[in-house]
Each structure stands twice: as C-alpha cells, then as structure tokens.
Amino acid sequence: MSPPKPNSYIFAAIVIKLASFYQIDPILGMAFGLVLFWASYGIMKNSLNIFLQAAPKGIDLERIKKEADALPDVKEMHHIHAWTLTSGKNIFSAHVLVDNIEKSNRIIKQINEILKGKYKFFFTTLQVEEEYVGEEPKRIDFLR
Ligand SMILES: [Zn+2]
C-alpha cells in the first residue's frame, strides 16, 4: 500500500475551486488517515507481538509436543516456551524427559531437526532430564 499521492490534494483543490465544497479537504484528510492506518496495521500488530513475546504466529506448540513425545527415547516434553525475538527469528525452549540421559545428544539432534528443520526456529534450548528437575510453577507454561 502506497501513501496518498499529491494528486488527491490537487483533486481537493479543484473541488474547492469549482464547487466551493470546503469539507472535501478534511474528508479526504481523514480518508487518507484511515488508508495509512490500514496499511500499517500489519506492521503494528507484528511489533506488538514481539514486545509482548507472544507465541510465534503459525506455530502450534501442541503439535510440536506431540511430535517430540512420539520420538523414541522421549518420554515427554514439558515447560514448552516459544517466542519471537525479532521479525522472523523465533526462539524455543523446553524440558525433555527421557529414559536414558546417555542418549541426550541424539535426542537433542532429533528434536532440533523438527524445531529448526520443520518449524524454522532460529534458536532452541533443550533441558534433558531423566526425572523432573527443578520444576517451576506450571502457570508459566503455555501448555499444561
Ligand atoms: Zn523439567
């Protein structure tokens, strides 16, 4: 969407000159204001989501959890958080409960293939644990 062109000011001047319809000036002014608001609405909305650290658009955390939980050696993924650092750069963190902590590296690689490969996360942090460790209150989680 391009900003209003000077043509519209010329149009208003002609209307005023020919018809003495002075209200055309504020009417067009307000109309251009609405056009500008409409054109910038998407940018403002994205910026607000980044400030609020809202979950990235189009990322289904329930689905990611199901995919991770379905991996061999993964018991359960919990404390899942995802947010947008800056436009197009999403961050992910979670705890991963596993059967055997010795397989941590392979498990992290498998989960990162999903997170970075499929969901295009820019940065991920995974805490692998054989038993629940240092659990914070569940209220900070998006998924319970
Ligand atoms: Zn945990």
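Refer to the preceding data block for the structure.
Since the model is a prediction, treat every value here as computed from it, not as a measurement.

Asks: I'd love a proper account of helix α2 (residues 24-51), names of residues and values included.
Replies: Its 28 residues place the ends of α2 39 Å apart at the C-alpha level, agreeing with the 40 Å of an ideal helix rising 1.5 Å per residue. Bending of α2 peaks at approximately 45° at the position of serine 40. By the burial criterion, the buried members of α2 are Ile24, Leu28 and Phe32. Backbone geometry just downstream of α2 places glutamine 53 in the positive-phi region, at approximately 50°.

Asks: Describe the nonpolar core, with residues and values.
Replies: Core analysis: the biggest nonpolar cluster contains 21 residues, and Ile64, Met77, Phe92, Val96, Ile111, Phe121 and Leu126 have the highest contact counts within it. Once residues lying within four places of it in the same chain are set aside, the contact partners of methionine 77 are Lys65, Ala68, Asp69, Phe92, Ala94, His95, Val96, Ile111 and Leu126. Among the nonpolar cores identified, the runner-up in size contains five residues, and Ala12, Val15, Ile24 and Phe32 belong to it.

Asks: I'd love a proper account of the packing of aromatic side chains, names of residues and values included.
Replies: Using the criterion set out here, one finds three aromatic pairs in the structure. Relative to tyrosine 41, the ring of phenylalanine 37 has its centre 6.1 Å away and its plane inclined at 50°; by these criteria the two rings are tilted. Taken together, the positions of phenylalanine 37 and tyrosine 41, both in helix α2 and four residues apart, correspond to about one turn of that helix. The exposure class of phenylalanine 37 is partly exposed, given its relative accessible area of 48%. You can call tyrosine 41 partly exposed: its relative accessible area is 45%. Here the aromatic rings of phenylalanine 92 and phenylalanine 121 are separated by 5.2 Å at their centres, their planes lie at 70°, and the arrangement is edge-to-face. Here phenylalanine 121 lies in the loop between α4 (104-118) and β3 (123-129) and phenylalanine 92 lies in strand β2 (residues 89-98), a separation of 29 residues in the sequence. Of the two residues, phenylalanine 92 and phenylalanine 121, neither departs from the other in class, the shared state being buried.

Asks: Can you break down the sheet that holds β3 residue by residue, with the values?
Replies: Adjacent strands of a sheet form backbone hydrogen bonds with each other and so pair up, either parallel or antiparallel. Strands sit in the order β1-β2-β3 across an open sheet of three strands; the sheet is mixed. Both outer strands of the open sheet, β1 (74-86) and β3, are each paired with one neighbouring strand and no more. Across this sheet, the average inter-strand angle for adjacent strands is 10°, counted without regard to direction. As judged from the nine bridges shared by β1 and β2, these two strands associate in the antiparallel manner. What sits directly across from glutamate 76, in β2, is leucine 97. Lying on the sheet, helix α3 (residues 61-69) is in contact with β1 and β2; it crosses β1 at an angle near 140°.

Asks: Go over α3, please, and point to the residues and values.
Replies: Among the residues making up α3, those that are buried are Leu61, Ile64, Lys65, Glu67 and Ala68. The arc enclosing the buried residues of α3, seen along the axis, measures out at 165°, which places them on a common side. Between the side-chain oxygen at the start of α3 and the backbone nitrogen of glutamate 62 there is a gap of 3.1 Å, and the oxygen is on aspartate 60.

Thresholds, definitions, all that
Residues numbered from 1 in each chain as written. Predicted model: local features only at pLDDT ≥ 70, side-chain atom pairs only at ≥ 80, totals over all residues. Heavy atoms only, no water. Helix = DSSP H or I, 4+ residues; strand = E, 2+ residues; numbered from the N terminus. Expected span 1.5 Å × (residues − 1). Bend = angle between axes of the 7 residues up to and from the residue. Buried < 20%, exposed > 50% of the residue type's maximum accessible area, 1.4 Å probe, protein only. Core = buried A, V, L, I, M, F, W, Y, C linked by side-chain atoms within 4.5 Å. Contact = heavy atoms within 4.5 Å. Phe/Tyr/Trp six-rings, centres within 6.5 Å; stacked < 30°, edge-to-face > 60°. Pairing = 2+ DSSP bridges. Axes fitted to C-alpha atoms, helices over the stretch in contact; angles between N-to-C directions. Arc of directions from axis to C-beta. Polar contact = N/O pair within 3.5 Å; in protein donor to acceptor, adjacent residues only side chain to side chain.

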